[in-house]
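Residue strings, one per chain:
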Amino acid sequence: MVDGRGMNFVRILIADDDADVRGLLEKYVKGEPALQLVGAASNADEAIQLAEEHKPDAALIDVGMPGGGGVRAVREIAQRSPQTSMIALSGYDDRNTVLEMLEAGAISYLVKGASRDQILQTLRRSIEAHAKLSQLG
C-alpha cells in the first residue's frame, strides 16, 4: 500500500484478548515506519469485522481469544480478506494448536514472548511468502 506521500507501508491488524500483549504489539507496529496499524481487536468477532473493513496485508491472531478463538478468526478472515497473511500467536507451542491454526489458514506461528525482532521479522517473511504464493495462483 502507498500513502499520500508516496511511501510504501504494510497494513497490520492485531487481535489478542490480553490488553497488555495487544498494547505491546501495537507499540512494535507503530514503531516501524514501513508498518501501519489498521486495527486492534480483543476477540474473534472484532478481528473478522476489522479485517473485512480494512483488508490488512497481515494480521497477528491470538489462538485463544474469545468469540471462537483464533481458528475461527483465521478461517473467516481468509474468506473475507484472502490477501491477508495471518500469523498465529499463542502462549503455547503444542503441535496440535500449531497444526490447527495452519490448517485454518495461518502461514506462520509465533509463541507469545517472542522478541520484538522475531515478531517483526516473522511479519515481513509472512507478507513476502504470501505475495509469492499469490503469484502462483
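Provided above is the structure to which this section pertains.
Engineer: What exactly am I supposed to notice about unusual backbone geometry here?
Structural biologist: With the exception of glycine, most residues fall at negative phi, and the peptide bonds are largely trans. The phi dihedral of Lys55 is positive, around 45°, even though this residue is not glycine. Relative to the helices and strands, Lys55 is located in the loop between helix H2 (44-54) and strand E3 (58-62).

Engineer: How should the side chain of Asn43 be read in this particular structure?
Structural biologist: Secondary-structure assignment places Asn43 in the loop between strand E2 (35-41) and H2. Looking at Asn43, its side chain comes within polar contact range of the main-chain nitrogen of Asp45, at 3.0 Å. When residues no more than four places from it in sequence are discounted, the contact partners of Asn43 are Met65 and Pro66.

Engineer: Please explain the nonpolar core as it appears in this structure.
Structural biologist: Most often, soluble globular proteins have nonpolar side chains that are buried together. In terms of nonpolar packing, the biggest core is built from 24 residues, with Leu13, Ile61, Met65, Ala73, Ile77 and Met101 touching the most fellow members. When residues of this core are traced back to their parent elements, those giving at least two are strand E1 (10-15), E2, H2, E3, helix H3 (69-80), strand E4 (85-90) and helix H4 (95-104). When residues in this core are grouped by element, the largest group, five residues, is from H2. Each residue touching Leu13, except ones within four places of it in the same chain, is listed here: Val38, Gly39, Ala40, Ala47, Leu50, Ala51, Pro56, Ala58, Ala59, Leu60 and Ile77. Grouped together as the second largest cluster of nonpolar side chains are 15 residues, Ile14, Val29, Leu110 and Leu120 included.

Engineer: What's the story with the pairing of E4 in this structure? I'm lost.
Structural biologist: Two faces make up the sheet, and in a regular strand the side chains alternate between them. E4 sits mainly inside the fold: six of its six residues count as buried. Side chains Ser85, Ile87 and Leu89 of E4 all project onto a buried face; the interleaved residues Met86, Ala88 and Ser90 project onto the opposite face, where all are buried too. Where E3 and E4 come together, five bridges link them in parallel fashion. Each bridged residue has a counterpart across the sheet, and for Asp62 the counterpart in E4 is Leu89. Traced from E3 through H3 to E4, the parallel crossover comes out right-handed. Summarising the sheet, E4 and strand E5 (residues 108-111) pair through four bridges and their orientation is parallel. Note on E5: the bridge partner recorded for Ser90 is Val111. Handedness of the crossover joining E4 and E5 through H4 is recorded here as right-handed.

Engineer: Help me out: how do you make sense of the pattern of salt bridges in this one?
Structural biologist: Pairs can form between side chains of opposite charge whenever their charged atoms are close. What the rule picks out here adds up to nine salt bridges. Residue Glu32 pairs with Arg124 through a salt bridge whose shortest N-O separation is 3.0 Å. Of the two residues, Glu32 is situated in the loop between helix H1 (19-30) and E2 and Arg124 in helix H5 (residues 116-136); the sequence distance between them amounts to 92 residues. Of the charged contacts, one joins Glu76 and Arg80 as a salt bridge, the two residues approaching to 3.0 Å between their closest N and O atoms. Here Glu76 and its partner Arg80 are both found in helix H3, four residues apart, which amounts to about one turn of the helix. On the accessibility criterion, Arg80 (34% relative accessible area) is partly exposed. Several salt bridges converge on common partners, so that one network encompasses Asp45, Glu52, Arg72, Glu76 and Arg80.

Rules and cut-offs
- Residues numbered from 1 in each chain as written.
- Predicted model: local features only at pLDDT ≥ 70, side-chain atom pairs only at ≥ 80, totals over all residues.
- Heavy atoms only, no water.
- Helix = DSSP H or I, 4+ residues; strand = E, 2+ residues; numbered from the N terminus.
- Polar contact = N/O pair within 3.5 Å; in protein donor to acceptor, adjacent residues only side chain to side chain.
- Contact = heavy atoms within 4.5 Å.
- Core = buried A, V, L, I, M, F, W, Y, C linked by side-chain atoms within 4.5 Å.
- Buried < 20%, exposed > 50% of the residue type's maximum accessible area, 1.4 Å probe, protein only.
- Pairing = 2+ DSSP bridges.
- Right-handed = clockwise from strand over helix to strand, strands pointing away.
- Salt bridge = Lys/Arg side-chain N within 4 Å of Asp/Glu carboxyl O.

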